[in-house]
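# Residue-level structural notes
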Amino acid sequence: MASRQPSEGSTVLISLILWIIIFALLNIGSGFFKSSEAATILGGLVGSFLFFLKITFVGAIKREVKLAETILAVIITGMICSSVHRVSGTTSIIFSIGWIFYLNFVSNKIYSRLEETNTVSTGKKRK
C-alpha cells in the first residue's frame with residue numbers, strides 16, 4: 001500500500017508555522033536555556049529543529065536542496081542559537097549536522113524504494 005505524502009503547500013505552511021513557534025520559544029525561554037549546562041545544550045537541540053524545519057521548507061518549495069542552501073541554513077541556525085548562548089549555537093550546529101546525515105539516509109532510502117517500484121512496474125532492469 002503506497003503512503004500518501006502531504007502536498008507542498010501544506011508542508012510549507014506547517015514548517016513555517018512551527019519554525020516561528022520554535023524561534024519564539026527560543027527567545028522567550030532564553031533565560032531558561034542560559035540557566036545550566038544541560039539547558040544550554042538543550043537550547044542547541046531545540047535550535048537544530050529550526051534547521052530541520054528550514055530544510056523542510058526549502059525542500060518543499062524547490063524539491064531539491066543544494067549544498068549552498070544547507071550551509072546557509074546551518075549558519076543561520078547557529079547565529080540564532082548563539083543569540084541565546086554561545087554553547088547553544090555550537091551545539092545547534094553539531095545537532096544540525098546530525099540532521100543532515102539523517103535526512104540524507106532517509107532520502108536515499110525513499111528514492112531507492114521508488115526506483116525499485118519503477119523498475120518492477122516497467123519490467124525492465126536499468127543498466
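In this report, the structure presented in the accompanying data block is examined. (Residues numbered from 1 in each chain as written. Predicted model: local features only at pLDDT ≥ 70, side-chain atom pairs only at ≥ 80, totals over all residues. Heavy atoms only, no water.)

### Notes on the side chain of Thr 70
Mapped onto the fold, Thr 70 is located in helix H4 (residues 67–82). In terms of polar contacts, Thr 70 uses its side chain to reach the backbone carbonyl oxygen of Lys 66, at 3.0 Å. Filtering out sequence-adjacent residues up to four positions away, Thr 70 remains in contact with Phe 51, Ile 55, Val 65 and Ile 100. (Helix = DSSP H or I, 4+ residues; strand = E, 2+ residues; numbered from the N terminus. Polar contact = N/O pair within 3.5 Å; in protein donor to acceptor, adjacent residues only side chain to side chain. Contact = heavy atoms within 4.5 Å.)

### A few points about the pattern of salt bridges
Per the counting criterion, the structure on display carries two salt bridges. Across the salt bridge formed by Lys 62 and Glu 69, the nearest N and O atoms sit 2.2 Å from each other. A salt bridge links Lys 66 to Glu 64; the nearest nitrogen and oxygen atoms lie 3.3 Å apart. Take Lys 66: its relative accessible area is 45%, and that puts it in the partly exposed class. A relative accessible area of 47% places Glu 64 in the partly exposed class. (Salt bridge = Lys/Arg side-chain N within 4 Å of Asp/Glu carboxyl O. Buried < 20%, exposed > 50% of the residue type's maximum accessible area, 1.4 Å probe, protein only.)

### Some points on the nonpolar core
By size, the foremost hydrophobic cluster in this structure holds eight residues: Ile 22, Leu 26, Phe 33, Leu 50, Leu 53, Ile 80, Cys 81 and Val 84. Put simply, the parts of the chain that give this core at least two residues each are helix H1 (8–28), helix H3 (37–62) and H4. Among all residues touching Ile 22, those that are not within four sequence positions of it are Val 46, Phe 49, Leu 50 and Leu 53. (Core = buried A, V, L, I, M, F, W, Y, C linked by side-chain atoms within 4.5 Å.)

### Thoughts on the environment of Ile 76
Structurally, the position occupied by Ile 76 is in helix H4. Counting along the chain gives 26 residues from Ile 76 to Leu 50, while the straight-line C-alpha distance between them is 9.3 Å.

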